[in-house]
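So you can see what is in the structure, the chains are spelled out below.
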Amino acid sequence: MKVLVINCGSSSLKYQLIDSDSEAVLAKGLVERIGIEGSILTHRPAGKDKVEIKTPMEDHNIAVKLVIDALIDKDHGVISDLSEIGAVGHRVVHGGEKFNKAVLITPEVKKDIEELSALAPLHNPANLIGINACEQNMPGVPQAAIFDTAFHQTMPASSYMYGLPYEYYEKYKIRRYGFHGTSHDYVSARAAEILGKKREDLKIVVCHLGNGASISAVKNGKCVDTSMGLTPLEGLIMGTRSGDLDPAILSYVGEKEGLSAAEVNNVLNKKSGVFGLSGGVSSDFRDLNAAAADGNEKAKLALDTYYYRVAKYVAAYAVPLEGIDVIAFAAGVGENDPQVRAKVCEKLAFMGVKLDAAKNDMRGEEQIISADDSKVTVMVVPTNEELAIARQTIALL
Ligand code: AMP
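Since the model is a prediction, treat every value here as computed from it, not as a measurement.

Undergrad: Lay out the sheet that holds strand 4 (residues 40-45) in plain terms, naming residues and giving numbers.
TA: A sheet is described by the order of its strands in space; here 8 strands give the open sequence 5-4-3-2-1-6-8-7, paired in mixed fashion. Each edge of the sheet is formed by a strand with only one pairing partner; in this case those strands are strand 5 (51-54) and strand 7 (103-104).

Undergrad: Tell me about the site of the ligand, residues and numbers included.
TA: The local shell around the ligand consists of Gly 210, Asn 211, Ser 283, Asp 284, Phe 285, Arg 286, Ala 331, Gly 332, Val 333, Asn 336, Asp 337 and Arg 363. One of the backbone nitrogen or oxygen atoms of Phe 285 is found 2.8 Å away from an oxygen atom of the ligand. A distance of 3.4 Å separates a nitrogen atom of the ligand from a polar backbone atom of Asn 336. For the ligand, the protein covers 72% of the area, taking 500 Å² as the surface of the free molecule.

Undergrad: How would you sum up the sheet that holds strand 14 (residues 377-380)? Please name residues and give values.
TA: Within a sheet, neighbouring strands are paired by backbone hydrogen bonds and run either parallel or antiparallel to one another. Pairing is mixed across the open sheet formed by 6 strands, whose spatial order is 11-10-9-12-14-13. The sheet is open, and its two edges are formed by strand 11 (222-226) and strand 13 (367-368), each paired on a single side. In terms of strand pairing, strand 9 (residues 203-209) meets strand 10 (residues 213-219) through 7 bridges, oriented antiparallel. Looking at the pairing, Cys 207 lines up with Ile 215 of strand 10. Here helix 6 (residues 181-195) sits on the sheet and contacts strand 9, strand 10, strand 11, strand 12 (326-330), strand 13 and strand 14; the angle it forms with strand 9, its principal contact strand, is near 125 degrees. Sitting on the sheet, helix 14 (residues 338-347) is in contact with strand 9, strand 12 and strand 14, with an inclination near 155 degrees to strand 12.

Undergrad: Would you mind going over empty space enclosed by the protein in detail, with residue names and values included?
TA: All chains considered together, the criterion is met by 1 cavity of 30 Å³ or more. When its volume is computed, the largest cavity comes out at roughly 40 Å³. Among the residues forming the lining of the largest cavity, the class breakdown is 8 nonpolar, no polar and no charged.

Undergrad: Just give me the short version of the nonpolar core, but keep the residues and values in it.
TA: Generally speaking, soluble globular proteins have nonpolar side chains that are buried together. If you look at the biggest cluster of nonpolar residues, it comprises 45 residues, and the most contacted ones within it are Leu 209, Ile 215, Tyr 306, Val 314 and Ile 327. Take this core: its biggest share by element is 9 residues, from helix 11 (residues 297-316). Here Tyr 306 is in contact with Leu 209, Ile 237, Val 274, Phe 285, Val 333 and Val 340, once residues within four sequence places are set aside.

Undergrad: Kindly report on the environment of Asp 325, identifying the contributing residues and their values.
TA: One can find Asp 325 in the loop between helix 12 (318-321) and strand 12. Given a relative accessible area of 29%, Asp 325 falls into the partly exposed group. Separated by 123 residues in the primary sequence, Asp 325 and Leu 202 place their C-alpha atoms 6.3 Å from one another. Look past the residues within four positions of Asp 325 in its chain and what remains in contact with it is Asp 201, Leu 202, Lys 203, Val 376 and Thr 377. Only 2.8 Å separates the side chain of Asp 325 from the backbone nitrogen of Lys 203, close enough to count as a polar contact.

Undergrad: So what's going on with the pairing of strand 12? Which residues, and what values?
TA: Strand residues, when the strand is regular, have side chains that alternate between the two faces of the sheet. Of all 5 residues in strand 12, 5 are buried; the element is thus mostly enclosed. Across the two faces of strand 12 the burial is the same, with Val 326, Ala 328 and Ala 330 and Ile 327 and Phe 329 all buried. Taken together, the 5 bridges between strand 9 and strand 12 define a ladder with parallel strand orientation. Counterpart to His 208 in the pairing with strand 12 is Ala 330.

Undergrad: Residues and numbers for helix 14, please.
TA: Along helix 14, the residues classified as buried are Pro 338, Val 340, Arg 341, Val 344 and Cys 345. Buried residues of helix 14 fall within an arc of 160 degrees about the axis and therefore sit on the same side. The distance from a side-chain oxygen at the start of helix 14 to the backbone nitrogen of Gln 339 is 3.0 Å, and the residue carrying that oxygen is Asp 337.

Undergrad: Hey, could you go over the packing of aromatic side chains for me, with residue numbers and the actual values?
TA: Using the criterion set out here, one finds 6 aromatic pairs in the structure. Residues Phe 99 and Phe 147 carry aromatic rings whose centres are separated by 4.3 Å and whose planes lie at 10 degrees to one another, so their mutual orientation is stacked. With a gap of 48 residues between them, Phe 99 in the loop between strand 6 (85-92) and strand 7 and Phe 147 in strand 8 (residues 143-147) connect regions that are remote in the sequence. For Phe 99, a relative accessible area of 6% gives the class buried. For the pair Tyr 313 and Tyr 317, a centre-to-centre distance of 5.8 Å together with 70 degrees between the ring planes defines the contact as edge-to-face.

Undergrad: Explain unusual backbone geometry to me, using residue names and the numbers behind them.
TA: Even without being glycine, Lys 173 reaches a positive phi, approximately 60 degrees. Counting through the fold element by element, Lys 173 comes out in the loop between helix 5 (166-172) and helix 6. Note on Lys 173: relative accessible area 33%, which makes it partly exposed. A positive phi angle, close to 55 degrees, is found at His 180, a residue other than glycine. Considering the arrangement of structural elements, one finds His 180 in the loop between helix 5 and helix 6. Residue class for His 180 comes out buried when judged on its relative accessible area of 10%.

Undergrad: Account for the packing of helix 11 against helix 14, with residues named and values stated.
TA: The geometry of helix 11 relative to helix 14 is characterised by a closest axis approach of 9 Å and an angle of 55 degrees between their N-to-C directions. Looking at the two axes, helix 11 sits oblique to helix 14. In the packing of helix 11 onto helix 14, the handedness of the crossing is right-handed. Facing helix 11, whose interface residues are Tyr 306, Tyr 307, Tyr 308, Val 310 and Ala 311, helix 14 presents Gln 339, Val 340, Lys 343, Val 344 and Lys 347. Here the contact of helix 11 with helix 14 is composed, by residue class, of 7 nonpolar, 1 polar and 2 charged.

Calculation criteria
- Residues numbered from 1 in each chain as written.
- Predicted model: local features only at pLDDT ≥ 70, side-chain atom pairs only at ≥ 80, totals over all residues.
- Heavy atoms only, no water.
- Pairing = 2+ DSSP bridges.
- Helix = DSSP H or I, 4+ residues; strand = E, 2+ residues; numbered from the N terminus.
- Near = heavy atom within 4 Å.
- Polar contact = N/O pair within 3.5 Å; in protein donor to acceptor, adjacent residues only side chain to side chain.
- Areas by Shrake-Rupley, 256 points an atom, 1.4 Å probe, with all protein chains shown as cover.
- Contact = heavy atoms within 4.5 Å.
- Axes fitted to C-alpha atoms, helices over the stretch in contact; angles between N-to-C directions.
- 1 Å grid on protein atoms, 1.4 Å probe; cavity = no way out; pocket = protein on both sides within 12 Å on 5 of 7 lines; lining within 4 Å.
- Points joined across faces, edges and corners; volume = space filled by probe spheres on them.
- Nonpolar A, V, L, I, M, F, W, Y, C, P; charged D, E, K, R; others polar.
- Core = buried A, V, L, I, M, F, W, Y, C linked by side-chain atoms within 4.5 Å.
- Buried < 20%, exposed > 50% of the residue type's maximum accessible area, 1.4 Å probe, protein only.
- Arc of directions from axis to C-beta.
- Phe/Tyr/Trp six-rings, centres within 6.5 Å; stacked < 30°, edge-to-face > 60°.
- Parallel < 35°, antiparallel > 145°, perpendicular 65-115°, else oblique.
- Left-handed = near helix turned anticlockwise from the far one by under 90°.

On their own, these measurements won't tell you what the molecule is for.
Now the structure itself:
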């Protein structure tokens, strides 16, 4: 069966068409600037040249229709008929406490996703628009929702509660939810598979280090803690997001800079992280590494602070895990930056973590990178959220 995986943003739509038997990606692409001037669809069929389609796209409905047209086009298409798509899997960011696993979409599920928009105002409404657009363009094709938060729902209350008045949890559901769950699930399962062990027998720390970044502690196959919180702002220092800080900084900065709460929030999400800390050099580690190598002190500071925060989280997760068997690095930075892995592991030498420098000197491959005498197995496990979504969609059918 062919599964269309959709990741819908407020003005964008990413897609992959995956053959569930071979797990091959038949085509992938991105629609940008939906509802804005300059709409563009970049379609990449496997084994053929990419195609750019520039045409006005008033809304997501039109964007989905153009994606389908691209998939069945006689030149750059990869299927001959829409009926070949057996199911659609949608990435949905927030499933709240309601969803601890993927579900087939029904009118009730859509209502729940809409209600959960209060917790993810930038993401859930966009995800819902994508679901509706696919329903309209592919009537009768089963649609599934795969939630970013679902894998983390196994956390105990001691991991997910904040030290706030309890009534905020009751009234507003303020708690840690965690994100990147599909990736943490996939990477921890794949790490166990590569090691020829059962995930149920392992204590795994997954470091999903991309532009957004989070760490999770997976004990006996279940998430017991994760670094992102009510929103994807908590935890690690990210590309442009601050991660953990003293909450009193918010009102202090607001007062000093004359910013509203929403404006401070914007600074924490878009102007902070390694980008902000480096004095605006970049949120991209390739640029930061180059600047640091050129002697830029702020870039060096941003990188050192980043390494330290990652290592601190890994070590902290030895508490819920009661030890660590495996550390798995994933996502853009985790997969492609050997220096990040080396610097983080250097700080964890006290717990017997030891890298094999030659094995670590690579990008984007599934590989064990720890030395043979390391007490903890360190691995690179490239994440594949789209494949995980396709697999979960198929499992639901
Ligand atoms: P993601 O959000 O997982 O797509 O990760 C994107 C980030 O990965 C970029 O912003 C870069 O910081 C990082 N990245 C990608 N390629 C490399 C590379 N070759 N070396 C270092 N960092 C990289």
